[in-house]
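For reference, the chains in residue letters:
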Amino acid sequence: RYNASSSVFGCAGKASEGPMACRRAARKYVRRFSSGPRVDAKKAIEEGWDAGRLVRYDRQAAALYALGIGASGVDAKDLKFTYERDPDFCVFPSFPSIFSFSGTMLERVCYDPSMPVETISQPYQVPVDGFPEIEPYRFLDAERYMELLRPLPPAATFRVTSRHVSIADKRIGCIVETEHLVTQVADTPPSNSTNIPELGHPPHPPRKCHGLPPEEEPLVARILTGSFIKGLSGFESAGSPSGKLGTKFRVPDREADHTVQQVTLVDQPAVYRLGSHDYNPLHIDYTVAKKAGVGQPIMHGMCTMGFAVRHVIAACADNDGTKLKTIKARFSAPVIPGSTLVTRIWDDIGGEHDNAEGGEGGRKVQFDTSVLETGQVVINNAYVELA
């Protein structure tokens, strides 16, 4: 069950009236949004791999992403992530986790001011038969898993190939698990290139073929995304979950080895959306946020995860991003911009219990993140694996 705060489901004002009032408000919310298009989950799963789309980035794009997740433009330790001319410049390793947004309607809307907010929809990958496009206020990031298999060059062209793995009806909405393969294409763009799509072109390529990316393109990362779509229910579930998402494990029964605090900017989502290509207006537009029942724009779950991974890399890997091999994180509650994030870190937990399973070998580091002002845990069931 998706563990979002009650405010996300429009029943925050009912909390004081007891659980039954919250349930009635949630059911009303679901009825409000369940009259739209239906899902043929089996058909969507059978579509398989999409035709893929290209993602190009340069040093400036990677630096903007790093600023979006709280890296400093003045701290000498962070300049290798935020200053493109730094002699040790490198791409922060969680960067590929945002590539699944490239080529979607959310990217196009940034470059087409004439597109009304009301017409924006969110196909999380190239649209497939049996799965409708979704308004952004109904979509919530729930979980991420990423295996980083190769170092990231300062500038590159990648191909992102995606498929739906599992679509599960949860009565108040559905959970969609999607797999993305990131492969490197030979033609690396020049350092001053951009990834701005031409206006007048479709926001994503047509689904012409189904299959894995070309064998000659080396696999750089494998990403699994878990998305919760509010109100989209009333269908037969399909597919087989990967087993990487939805796993739960307890916090170690001891004090954290490291605790890191960092204040987010009140306009943090405004910076992050430009560096991540996640232009969901939920994170900047008050009208859309109120329509979603959250009252005001909230931080991207992926932005909060980026903060937490930075904290772990700094505390446990001497700020060396090349040591990151695996990330797994669950977004358990939204964050209001300007909040103080507190990340607790338990280093080398592999021998303590077997619930936080990563890849083969490596050093497992478990963490969670909460908001200092409220005590609310916003990322849990999370770990990274370091080389």
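Scroll up to find the structure this text is about.
Residue positions are counted from 1 within each chain, in the order its sequence is given. Restriction of local features to residues with pLDDT of at least 70 applies here, the model being predicted, together with a cutoff of 80 or more for giving and counting side-chain atom pairs; totals for whole chains, interfaces and linings are based on all residues. Only hydrogens and water are removed before side-chain values are computed, so all heavy atoms of the structure are retained for them.

A. Fine view of the overall build of the protein chain. Each helix is a run of H or I in the DSSP string that is no shorter than four residues. Each strand is a run of E no shorter than two, and both are numbered from the N terminus. When its secondary structure is counted, the protein chain shows eight helices and eleven strands. Between buried and exposed lies partly exposed: a residue is buried under 20% and exposed over 50% of the maximum accessible area for its type, with that area taken using a 1.4 Å probe on protein chains only. Here the protein chain holds 387 residues, and the buried ones make up 57% of them. When contacts within the protein chain are restricted to residue pairs at least 6 apart in sequence, long-range pairs at least 24 apart make up 78% of them. Carbon and sulfur atoms make up 50% of the accessible area of the protein chain, which amounts to about 16,700 Å² in all. Any two residues whose heavy atoms approach within 4.5 Å at even a single point are treated as in contact. Here the Shrake-Rupley method, with its probe set to 1.4 Å, supplies the accessible areas, and only the displayed protein chains count as covering residues.

B. Local environment of the nonpolar core. Remark: nonpolar core denotes a set of buried residues (Ala, Val, Leu, Ile, Met, Phe, Trp, Tyr, Cys) joined through side-chain atoms within 4.5 Å. Core analysis: the biggest nonpolar cluster contains 55 residues, and Phe95 and Phe99 have the highest contact counts within it. Top contributing element to this core by residue count: helix H8 (residues 301-316), with nine residues. Sequence-distant contacts of Phe99, that is, excluding residues within four places in its chain, are made with Val55, Tyr57, Phe158, Val160 and Val182. Counting 13 residues, the second-largest nonpolar core is a separate cluster that includes Ala44, Ile45, Ile167 and Leu232.

C. Fine view of the side chain of His300. Along the chain, the position of His300 falls in the loop between helix H7 (286-291) and H8. Overall, the relative accessible area of 1% leaves His300 in the buried class.

D. Representation of the pattern of salt bridges. Salt-bridge detection follows one rule: a side-chain nitrogen of Lys or Arg within 4 Å of a carboxyl oxygen of Asp or Glu. One pass over the structure, following the stated rule, counts eleven salt bridges. Across the pair Glu217 and Arg159 runs a salt bridge whose closest N-O atoms are separated by 2.6 Å. Of the two residues, Glu217 is situated in the loop between strand S4 (173-185) and strand S5 (219-230) and Arg159 in strand S3 (residues 156-169); the sequence distance between them amounts to 58 residues. Residue classification places Glu217 among the buried residues on the basis of a relative accessible area of 10%. Each of Glu147, Arg163, Glu179 and Arg222 takes part in one network of salt bridges that share partners.

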